[in-house]
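# Chain and residue survey
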Amino acid sequence: MTQTSVEDDRELLARAQAGDMSAFEALVDRHEEKVYGLALRMTRSEADAAEIAQDTFLSAYQHLSEFRGEAAFGSWVHRIAANNALMRLRRQKVLDIVSDDLAGPEFTDRGSLAEVPESDWSKRADDKILDEELGRAIREATDALPEGYREVFLLKDLEGLSYEEISEMVGISIPAVKSRLHRARLALREAIDAFYKEV
Amino acid sequence: MFNCKESIDSLLPFLEGEMSPEDEEHLRQHLNGCPPCVEFVNTYRATSGLCRKALVKSMPPEVAGRLRAYLRSKLETK
């Protein structure tokens, strides 16, 4: 979001706080894609994502008067949505699955890489269009992450939340958040590397 | 000087500029002599961007319509 958009949000927010429903609807218009995207990535359910978007904006409206504008409106609703998604996952009891068998690089006894990476495919990340098969491989690898790792990876690398916010939401220490993030990235890097080995 | 494992273990603080100058020097020395680890760093760094592209989700218009109708029904009764 650009600086101008943030300023526009402030103007809309001020009008919404004064009771202008159309200004609040304009804020919903601007942020619904991001909120829904977060909820869908987190829950993997379109029905849950739609409900989370509803709950998030309703809650934002109900607490509009408390919002002082220290943060951007977008970041605020994003955090509400992330909390709602995590609460829903907790209710479904899928958050406590943590595994030690995540994929990652293997090393020799002397700590050298046992296998040389397939190739330096990093430049392909700049391609505007993602290969469809690669996209599928990444989605499968993300879905295969243990839930405690998947949520941290999504909240940090996809949603851009801070370590402090994630630590508070998920209820683990910042070093634990960083450790999970690193291991999730290693597992996903491994999956992408495996994809390029096969093609 | 770090070995490959120590280098890869320290990638997250390295990329976020949170390493001690001494450790960063150990890592840089290793990278200078280890092309596979340089490739590893490049691909590790590119992983998040590729995942972002793969995991983009857009909101179907009918869901946006239902959201709008829901909010109106809730907020009009207040």
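Calculation criteria
- Residues numbered from 1 in each chain as written.
- Chains lettered and ligands numbered in written order.
- Predicted model: local features only at pLDDT ≥ 70, side-chain atom pairs only at ≥ 80, totals over all residues.
- Helix = DSSP H or I, 4+ residues; strand = E, 2+ residues; numbered from the N terminus.
- Rg over C-alpha atoms; globule rule 2.2 N^0.38 Å.
- Buried ≥ 20, exposed ≤ 12 C-beta atoms within 10 Å, placed from the backbone.
- Core = buried A, V, L, I, M, F, W, Y, C linked by C-beta atoms within 7 Å.
- Domains from an automatic or database assignment.
- Contact = placed C-beta atoms within 7 Å.
- Nonpolar A, V, L, I, M, F, W, Y, C, P; charged D, E, K, R; others polar.
- pLDDT = per-residue confidence, 0-100.
- Expected span 1.5 Å × (residues − 1).
- Arc of directions from axis to C-beta.
- Axes fitted to C-alpha atoms, helices over the stretch in contact; angles between N-to-C directions.
- Parallel < 35°, antiparallel > 145°, perpendicular 65-115°, else oblique.
- Left-handed = near helix turned anticlockwise from the far one by under 90°.

## Concerning the overall build of chain B
- Along the backbone of chain B there are 5 helices and 0 strands.
- For chain B, the sequential pattern of α-helices and β-strands runs α-α-α-α-α.
- The C-alpha atoms of chain B give a radius of gyration of 23 Å, which is well past the 12 Å a tight globule of 78 residues would have.
- Based on the C-alpha atoms only, the size of chain B along its principal axes is roughly 65 × 25 × 15 Å.
- The buried share of chain B, reckoned over its 78 residues, is 23%.

## Details of the nonpolar core
- Ala39, Ala53 and Ile138 of chain A are the most contacted members of the largest nonpolar core, which totals 51 residues.
- When residues of this core are sorted by domain, at least three fall in each of domain 1 (3-91) and domain 2 (121-198) of chain A.
- Each residue touching Ile138 of chain A, except ones within four places of it in the same chain, is listed here: Leu188, Ala191 and Ile192 of chain A together with Leu50, Cys51 and Ala54 of chain B.
- Residues Leu113 of chain A together with Ile8, Cys37 and Phe40 of chain B belong to the second largest nonpolar core, which totals 8 residues.

## Considerations on the interface of chain A and chain B
- Each partner contributes to the interface: chain A provides 41 residues, whereas chain B provides 36 residues.
- Taken together, the elements giving at least two residues each to the side of chain A that touches chain B come down to helix H2 (21-43), helix H3 (46-62), helix H5 (132-144), helix H6 (147-158) and helix H8 (174-198) of chain A.
- Counted by class, the side of chain A that touches chain B contains 22 nonpolar, 8 polar and 11 charged residues.

## A look at the domain arrangement of chain A
Residue and element names in this part refer to chain A.
- Each assigned domain of chain A is listed with its residue range as follows: domain 1 (3-91) and domain 2 (121-198).
- For domain 1 and domain 2, the distance between their C-alpha centres works out to 24 Å.
- Contacts between the two partners involve 8 residues from domain 1 and, on the opposite side, 9 residues from domain 2.
- When residues of the side of domain 1 that touches domain 2 are traced back to their parent elements, those giving at least two are H2 and helix H4 (73-91).
- Its residues assigned to classes, the side of domain 1 that touches domain 2 shows 4 nonpolar, 2 polar and 2 charged.

## Points about the confidence of the model for chain B
- Confidence in the prediction for chain B averages 92 pLDDT; 97% of positions are at 70 or higher.
- As scored by the predictor, the complex reaches a pTM of 0.88 and an ipTM of 0.90.

## Focus: the confidence of the model for chain A
- Residues with a pLDDT of 70 or more make up 91% of chain A, whose mean pLDDT is 89.
- Predicted confidence in chain A is weakest over helix H1 (residues 3-17) of chain A, with a mean pLDDT of 81, and strongest over H3 of chain A, with 96.

## Details of the environment of Ser58 of chain B
- As for its position among the elements, Ser58 of chain B is in the loop between helix H4 (35-54) and helix H5 (61-76).
- A C-alpha to C-alpha distance of 24 Å links Ser58 of chain B and Lys74 of chain B, two positions 16 residues apart in sequence.

## Re H5 of chain A
All names here are of chain A.
- Taking 1.5 Å per residue as the helical rise, H5 with its 13 residues ought to reach 18 Å, and the 18 Å between its terminal C-alpha atoms agrees with that figure.
- Burial in H5 covers these residues: Leu134, Ala137, Ile138, Ala141 and Thr142. One side of H5 carries all its buried residues, which in axial view fall inside an arc of 130 degrees. Opposite its buried face, H5 presents the exposed residues Glu132, Glu133, Glu140 and Asp143, each directed more than 90 degrees away.

## With respect to unusual backbone geometry
All names here are of chain A.
- Although it is not a glycine, Arg44 sits at a positive phi angle of roughly 60 degrees.
- Positionally, Arg44 belongs in the loop between H2 and H3.
- Assessed through the 16 C-beta atoms surrounding it within 10 Å, Arg44 is described here as partly exposed.

## A look at the packing of H2 of chain A against H5 of chain B
- Put simply, H2 of chain A and H5 of chain B touch, their axes get as near as 11 Å, and they point 140 degrees apart. The orientation of H2 of chain A relative to H5 of chain B falls into the category oblique. Note that H2 of chain A runs across H5 of chain B; the crossing there is right-handed. Residues Met21, Val28, Glu32 and Tyr36 of chain A of H2 of chain A form the contact with H5 of chain B, whose participating residues are Val63, Ala64, Leu67, Leu71 and Leu75 of chain B.
- Residues belonging to the contact of H2 of chain A with H5 of chain B are distributed by class as follows: 8 nonpolar, no polar and 1 charged.

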